Structures are given as structure tokens and as C-alpha cells.
Amino acid sequence: MFMNNIIAKSSSILLLCTFINVCAAQDRTSLKNKPNVVVLFVDDLGWADLNHKNPLFETPNIMKLGDDGMSFERAYVSSPACSPSRASLLTGKEPVRFQMVRHIKQEDKTGRNKNKFGLWKRDPAQMPSINWLPLEEVTYAERLRDFGYFNMFIGKWHLGHEEYHPINQGFHEQYGTGNHGHPDNYYPPYFEHGNPLKEVSKDQYLTETLTDKAVDFIKTYDKKEPFMLNLWYYNVHSPHIGRKDLVEKYKAKGMDGKYANYGAMVETIDESVGRVRAALMERGITDNTVILFTSDQGGFFTNFPLRGKKNGGYTLNEGGARVPFIVYYPGLTKAGTKCNTPIQTLDIYSTLVEIASGKDQLDKQVDGVSLMPLLKGNEIEKRDLFFFRSYEDQYAAIIDGDWKLIKYHSGVVQLYNVKQDKGEVSNLVFVNPRKTKELKEKLQAWENEAVPKH
């Protein structure tokens, strides 16, 4: 009997070990089969700031990315303002829901904030805006971490000071991340206060410094789990200081002063994209790496033929809210395809979760949807897109297919068909009162539900 018990227990232990080894092997296999992810996020790159929209700019690497993947022609941010746009990208939520209605303005030279909320003097509504991304909000980095990803963050954050930095929001490592929303100079020392990049050559352009780190990460990554690399550029945000060797090229095109510098800044982003893709190819992981490329809001200069830009009272118009958006998913996206379905950058959260898990995203707090059906050449369910920011008179908008309605604090309402009228020239409020009424009611219902009372 004693020997029988020993044999039985030994058999049970052997079966358990076999089960554990099989599960571990399956888990390693599943991790190995999961694609790596690279998120390239540019600051203030306008929809029209690429070569195929504006031939003044030279962006062959970004164009090649679009030729290899899928370009979304009607991609929008949920809030055309730096910090809210970033927060919505990370959380999949409309940022007004956690009271981030404009960019974070630091209270002191270190970029720290003692007060949880701040006010903008010129805001007609005097709506408080939160000064950091709350730690209780779930980021896509936290979710991908659950699925076995190693998450690297490089570059601009602008979602709070040290306690709220990427390493406290789901990322394993961060590099070049400080408290400020933009550098003081694109040449060293970059930041006058709280410089996160001190050990660099005095002639090293900021975008190259960040790209060097991204390339090194790709080439030396030796962990078993798949990685998600986030390269969030400070370019092309002001101050408009282009790389010295490129500025003269853009002056020769007839671009003056800041605009010539801006052209040079755009080209350095393009070179960075090319370097990142070259590193993936050199490492032999191009076919197992998804790349997403987009921007946080419309461009600072012209976004012609779209109306509006980063600032100036028309930020919720197409030029302020529509951004470049490219997804390259080898083996899935059909090369050179263009998608005209309206989407928002907050859809990235659900898309990454589905990429990482292989399953539909079920987080109830998320407002976005997965773009995987579109990437596969199918459709997604029709929905309304909502926009909100609190800086100026113009503050809220809704997109319903080709229709767009914009509201102002002063009571002005505008209705456009953005397919027929890309420049939003003809206000159709009185031409189509029925559609105006429908969208006003939809937008008001959303405001009542989503916008916190203050």
C-alpha cells in the first residue's frame, strides 16, 4: 500500500510537471507569435504636412510607410490640445471625462504642479482642467503589460510630473522624458530646467538623440517577451528650430524664417521614421512588428485645403482636429490602401489590446473601438465622434458620417458637409435645419453625459 501511494503521488507529480511544462511552452509560443508594436507619435504635425499633401515637405520614409500599410484619410483627435490628445491616445477615453480639457500648464520652472486643477484665464467657460493623468486611469501600456509585453517609452509625455511619468503608468522604462511640454531648444541643453537628457553631444539635434535611443533599443533588445516601443517626438512643436544642415534647403524652396525651420523639423521626423524601420529590418523583425504613426493635433502653420490649425479660434475645424494616421501591419494590411472611415486616435487603445490579446477589447471605460476590422478590409459599426476642449469660444463638435456640427460658447452653431466642403466654407445651418437640430440634440446629450459639472 505504501509503495502504491508513492507511485500514485509520483505519477501525479509527473503529470503536474508535464502540464506545467506544456502550459509554459504554450505561453512562450503565444508570446513569440505576438507582434512587436512601435508607436510613432509626433507633436503638432498637421494633416497637410506630408509630401503628398504639400510638395514643399520632403517625407519619403513616411510616404513609404503609407505605401506599405494603410493610411486613414479621416483620422481625428478627440481633443485638439496636447495633453488631452495624449491622454485619450493612452486610455481610449474622451479626456473631458476625467476633466482634462486643455494642455497641462506647469506652475513652476521644474514643471511640477501642486494643484490638481488649473484654470486658463482666457477660457470663456472658466472650466478647471486636471494637471496630470490620474493613476487610476488604465493605459494601453498597463493592458499590454498584462499580456506579456515589455513597454519602452521615449520622448515627450506632458501628462504630469514625476509621480505621473510613464514608468508609473504601465511602462517598464522611459528615456528623455521630463515635465515640460516642449524643449527650450532643439540643440543641447534642450531644457533650461529639469533636463532629462544631459549626457549628449553639444551639436546633437534632439530628434536624433531620441531616435538613437529607439534604434539602440531595437538592436539590443534581448528579452523573450514581445516589446512595445513608444517614440513620442518633441518635434515639430515650437520653438521652431530646424536642424542646421536642412534649414537652407527649405529657404531655397521659398519658405521664410520659422516656416523654413518647420520644414527642416518635419524632415528630421521623416529621417527618424526611416531609421527606426531600418533598425527593425536589420534585426530581422520587420515582418513581426506593427507600426502606428500619427500626431496629437493639427499643424501650427497652414493645413490647406483644410480650415483651421493648432491655434487661432478654429481648432475644432478639420485643420485642427484631423491628423495623419498610418498603420503598417505586415501580413494583414493591404499595401497602399486608404481608409475614408472617420476614426479617432483614441481607437488606438482598443486596437493595441486586440493586437496583443487576439481578442476583442472589453474594457467598459473605453470610448474607442478596435480598428482591426478596417485593417482587415472590413467595416466597423457607424458611430458619432465627439470633440471637446476649453480654451476659446469654439468648444465642442460632433461628426456624423460626412456631417459636422460645431458649437461655440457664444451660441454660434455651424454645420458642414466635410466631404463636399473640405474647407468648411459653407455653413449649412439654415440650409439644412433638420440635420442641424438632429446633431445639436446628439451633441447636447453627449455633453450632459460626458462633461463633468464644475
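Attention here is on the structure that accompanies the text. (Residues numbered from 1 in each chain as written. Predicted model: local features only at pLDDT ≥ 70, side-chain atom pairs only at ≥ 80, totals over all residues. Heavy atoms only, no water.)

**What to know about the environment of Arg97**
Here is step 1: Its place among the elements puts Arg97 in the loop between α3 (82-91) and β4 (117-118).
Here is step 2: Overall, the relative accessible area of 25% leaves Arg97 in the partly exposed class.
Here is step 3: With 61 residues separating them along the chain, Arg97 and Asn36 place their C-alpha atoms 31 Å apart.
Here is step 4: Once residues lying within four places of it in the same chain are set aside, the contact partners of Arg97 are Asp367, Trp446, Glu449, Ala450 and Pro452. (Helix = DSSP H or I, 4+ residues; strand = E, 2+ residues; numbered from the N terminus. Buried < 20%, exposed > 50% of the residue type's maximum accessible area, 1.4 Å probe, protein only. Contact = heavy atoms within 4.5 Å.)

**As for the side chain of Asp270**
Here is step 1: By secondary structure assignment, the location of Asp270 is in helix α7 (residues 257-283).
Here is step 2: An unpaired buried charge is present at Asp270: no salt bridge exists, and Lys249, the closest side chain of opposite charge, is 8.9 Å distant.
Here is step 3: From its side chain, Asp270 meets the backbone nitrogen of Ile62 in a polar contact 2.8 Å long.
Here is step 4: Excluding residues within four positions of it along the chain, Asp270 makes contact with Glu58, Thr59, Pro60, Asn61 and Ile62. (Lys, Arg positive; Asp, Glu negative; His and termini not counted. Salt bridge = Lys/Arg side-chain N within 4 Å of Asp/Glu carboxyl O. Polar contact = N/O pair within 3.5 Å; in protein donor to acceptor, adjacent residues only side chain to side chain.)

**A few points about the packing of helix α6 (residues 244-251) against α7**
Here is step 1: Two numbers describe how α6 lies on α7: the axes approach to 8 Å, and their chain directions differ by 125 degrees. Compared by their axis directions, α6 and α7 come out oblique. Crossing hand, α6 versus α7: right-handed. Mapping the contact onto sequence places Leu246, Val247, Lys249, Tyr250 and Lys251 in α6 and Ala260, Asn261, Gly263, Ala264, Glu267, Thr268 and Glu271 in α7.
Here is step 2: When the residues that make up the contact of α6 with α7 are grouped by side-chain class, the tally is five nonpolar, three polar and four charged. (Axes fitted to C-alpha atoms, helices over the stretch in contact; angles between N-to-C directions. Parallel < 35°, antiparallel > 145°, perpendicular 65-115°, else oblique. Left-handed = near helix turned anticlockwise from the far one by under 90°. Nonpolar A, V, L, I, M, F, W, Y, C, P; charged D, E, K, R; others polar.)

**Concerning the pairing of strand β8 (residues 227-232)**
Here is step 1: Most of β8 sits inside the fold, with six of its six residues counted as buried.
Here is step 2: With burial as the criterion, each face of β8 is covered, one bearing Phe227, Leu229 and Leu231 and the other bearing Met228, Asn230 and Trp232.
Here is step 3: The pairing of strand β1 (residues 36-42) with β8 spans five bridges and is classified as parallel. By the bridge assignment, Val37 is partnered in β8 with Met228.
Here is step 4: Relative to β8, strand β6 (residues 150-155) runs parallel, the two being bridged by six bridges. Looking across to β8, one finds that Ile154 is bridged to Leu231. (Pairing = 2+ DSSP bridges.)

**Brief notes about the packing of helix α2 (residues 60-68) against α7**
Here is step 1: Direction vectors running N to C along α2 and α7 enclose 55 degrees, while the axes themselves pass 7 Å from each other. One finds that α2 runs oblique with respect to α7. Facing Pro60, Asn61, Ile62, Lys64, Leu65 and Asp68 of α2, the residues of α7 in contact are Ile269, Asp270, Glu271, Val273, Gly274 and Arg277.
Here is step 2: In the contact of α2 with α7, the residues fall into five nonpolar, two polar and five charged.

**Overview of the packing of aromatic side chains**
Here is step 1: Using the criterion set out here, one finds 27 aromatic pairs in the structure.
Here is step 2: With a centroid separation of 5.9 Å and an interplanar angle of 50 degrees, the aromatic rings of Phe150 and Tyr221 are classed as tilted. Here Phe150 is found in strand β6, whereas its partner Tyr221 is found in the loop between α5 (206-220) and β8, with 71 residues between them in sequence.
Here is step 3: Residue Phe150 is classed as buried on the basis of its relative accessible area, which comes to 6%.
Here is step 4: Look at Tyr259 and Phe301: their rings are 5.0 Å apart centre to centre, the planes differ by 45 degrees, and that puts the pair in the tilted class. Of the two residues, Tyr259 is situated in helix α7 and Phe301 in the loop between β9 (289-295) and α8 (318-321); the sequence distance between them amounts to 42 residues.
Here is step 5: Overall, the relative accessible area of 17% leaves Tyr259 in the buried class.
Here is step 6: The ring of Phe150 carries Lys223 above its face, with NZ or CZ at 5.0 Å from the centroid.
Here is step 7: Against the face of Trp47 rests Arg322, its NZ or CZ located 5.1 Å from the ring centre. (Phe/Tyr/Trp six-rings, centres within 6.5 Å; stacked < 30°, edge-to-face > 60°. Lys NZ or Arg CZ within 6 Å of the ring centre and 35° of its normal.)

**Regarding the sheet that holds strand β13 (residues 343-344)**
Here is step 1: Overall, mixed pairing links the three strands, which are arranged β10-β3-β13 in an open sheet. Among the strands making up the open sheet, the edge pair consists of β10 (322-323) and β13.
Here is step 2: For strand β3 (residues 75-76) and β10, the ladder comprises two bridges, and the chain directions are antiparallel. Across the sheet, residue Tyr76 finds its bridge partner in β10, namely Arg322.

**Some thoughts on unusual backbone geometry**
Here is step 1: With an omega of 15 degrees, the peptide bond between Pro188 and Pro189 qualifies as cis.
Here is step 2: The step from Ser238 to Pro239 runs through a cis peptide bond, and the omega angle for that step is 5 degrees.
Here is step 3: Within the fold, Pro239 resides in the loop between β8 and α6.
Here is step 4: The phi angle at Gln126 is positive, at roughly 45 degrees, despite the residue not being glycine.
Here is step 5: Along the polypeptide, Gln126 turns up in the loop between β4 and β5 (129-130).
Here is step 6: Located in the positive-phi region is His158, a residue other than glycine, with phi close to 60 degrees.
Here is step 7: By the element assignment, His158 lies in the loop between β6 and β7 (173-175).

**Notes on the pattern of salt bridges**
Here is step 1: Across all of its chains, the model carries 39 salt bridges by this definition.
Here is step 2: The salt bridge involving Asp384 is made with Lys442; its shortest N-O contact spans 3.2 Å. Residue Asp384 is located in the loop between α10 (372-375) and β14 (385-388), and its partner Lys442 is located in helix α11 (residues 433-450); the two are separated by 58 residues in the primary sequence.
Here is step 3: Asp384 sits in the partly exposed class, given a relative accessible area of 23%.
Here is step 4: A relative accessible area of 29% means that Lys442 is categorised as partly exposed.
Here is step 5: Residues Lys437 and Glu441 are paired through a salt bridge, measuring 2.6 Å at the closest nitrogen-oxygen approach.

**Re the nonpolar core**
Here is step 1: With 52 residues, the main nonpolar core has Leu229 and Phe293 as its most contacted residues.
Here is step 2: In terms of residue count, the dominant contributor to this core is α7 (11 residues).
Here is step 3: Among all residues touching Phe293, those that are not within four sequence positions of it are Leu40, Val42, Leu45, Ile62, Leu65, Ile269, Val273, Pro324, Phe325 and Ile326.
Here is step 4: Val37, Ala87, Val290 and Tyr349 belong to the second-largest nonpolar core, a separate cluster that totals 45 residues. (Core = buried A, V, L, I, M, F, W, Y, C linked by side-chain atoms within 4.5 Å.)

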